[in-house]
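Structural overview
So you can see what is in the structure, the chains are spelled out below.
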Amino acid sequence: QVQLDESGGGLVQAGGSLRLSCTASGHTFRRYAMGWFRQAPGKQREFVAGISWNGITLYGDSVKGRFTVSRDNAKTTMYLQLNTLKPEDTAVYLCAFDPKDALGLLRTKGSDYWGQGTQVTVSA
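What comes next concerns the included structure.

Looking at the pattern of salt bridges
For the coordinates displayed, the defined rule picks out four salt bridges. A salt bridge links Lys64 to Asp61, with the nearest nitrogen and oxygen atoms 3.1 Å apart. You'll find Lys64 and Asp61 in the same group, each marked exposed. Taken together, the shared-partner salt bridges connect Arg38, Glu46, Arg66 and Asp89 into one network.

Following this line, the structure appears as structure tokens:
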């Protein structure tokens, strides 16, 4: 099994920044994609950003130009830099994992592996 652990969420003012981390442990397979989703009350889960084993990235339309996803494979860790935060970014941010490094499918179909989430709250 794979375990995913997120950290870095918090309360910030609009225009501020946060950096989220997600570390994978256990059986992570040979090469894998990782991504971020977010869930706000009453709304459908939304794809935020993802990154393949070799560093190919995808972003959701609402965060393009503001968020940056990266990874350190030696540490089995993915990061999300959130800049110019807006109140509508408020959500629980969830880490996801795809053991076949299928970033496109991770974006559209979600994952069988999820972290517990970290709360991001942006005040106006």
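Focus: unusual backbone geometry
A positive phi angle, close to 50°, is found at Thr84, a residue other than glycine. Mapped onto the fold, Thr84 is located in the loop between strand S8 (77–82) and strand S9 (91–98). Phi angles above zero are rare outside glycine, and Asp101 is one such case at about 60°. With respect to the helices and strands, Asp101 occurs in the loop between S9 and helix H1 (103–109).

Notes on the nonpolar core
Trp36, Leu80 and Tyr93 are the most contacted members of the largest nonpolar core, which has 28 residues in total. Every element with two or more residues in this core is listed here: strand S1 (2–7), strand S3 (18–26), strand S4 (33–39), strand S5 (46–51), strand S7 (67–72), S8, S9 and strand S11 (118–123). The residues contacting Tyr93, other than those within four sequence positions of it, are Glu6, Leu20, Trp36, Phe37, Arg38, Val48, Phe67, Leu80, Leu82, Gly117, Thr118 and Val120. Counting six residues, the second-largest nonpolar core is a separate cluster that includes Ala33, Phe47, Ala96 and Leu106.

Focus on the pairing of S8
With five of six residues buried, S8 lies mostly within the body of the structure. Of the pairings in the sheet, the one linking S3 to S8 comprises six bridges and is antiparallel in character. From the neighbouring strand, Leu18 faces S8, where its bridge partner is Leu82. Relative to S8, S7 is paired through six bridges, and the arrangement is antiparallel.

Structural notes on the packing of aromatic side chains
We describe a pair of aromatic rings using the distance from one ring centre to the other and the angle between the two ring planes. One pass over the structure, following the stated rule, counts five aromatic pairs. Their ring planes at 65° and their centres at 5.3 Å tell us that Tyr32 and Trp53 sit as a pair that is edge-to-face. With Tyr32 in the loop between S3 and S4 and Trp53 in the loop between S5 and strand S6 (57–59), the pair connects residues that are 21 residues apart, well separated along the chain. Between Phe97 and Tyr113, the aromatic rings sit 5.4 Å apart at their centres with planes inclined by 85°, giving edge-to-face as the arrangement. Placement of the pair is Phe97 in strand S9 and Tyr113 in strand S10 (residues 113–114), with a sequence separation of 16 residues. Here Phe97 falls in the buried class, since its relative accessible area comes to 1%. Using a relative accessible area of 23% as the deciding quantity, one classes Tyr113 as partly exposed. An aromatic cluster is present here, built from Tyr32, Trp53, Phe97 and Tyr113 joined pairwise through their rings. Positioned over the ring face of Tyr79 is Arg19, at 4.1 Å from the centre of the ring. In this structure, Arg45 packs its charged tip against the face of Phe37, placed 5.9 Å from the ring centre.

Rules used in this analysis
Residues numbered from 1 in each chain as written. Predicted model: local features only at pLDDT ≥ 70, side-chain atom pairs only at ≥ 80, totals over all residues. Heavy atoms only, no water. Salt bridge = Lys/Arg side-chain N within 4 Å of Asp/Glu carboxyl O. Buried < 20%, exposed > 50% of the residue type's maximum accessible area, 1.4 Å probe, protein only. Helix = DSSP H or I, 4+ residues; strand = E, 2+ residues; numbered from the N terminus. Core = buried A, V, L, I, M, F, W, Y, C linked by side-chain atoms within 4.5 Å. Contact = heavy atoms within 4.5 Å. Pairing = 2+ DSSP bridges. Phe/Tyr/Trp six-rings, centres within 6.5 Å; stacked < 30°, edge-to-face > 60°. Lys NZ or Arg CZ within 6 Å of the ring centre and 35° of its normal.

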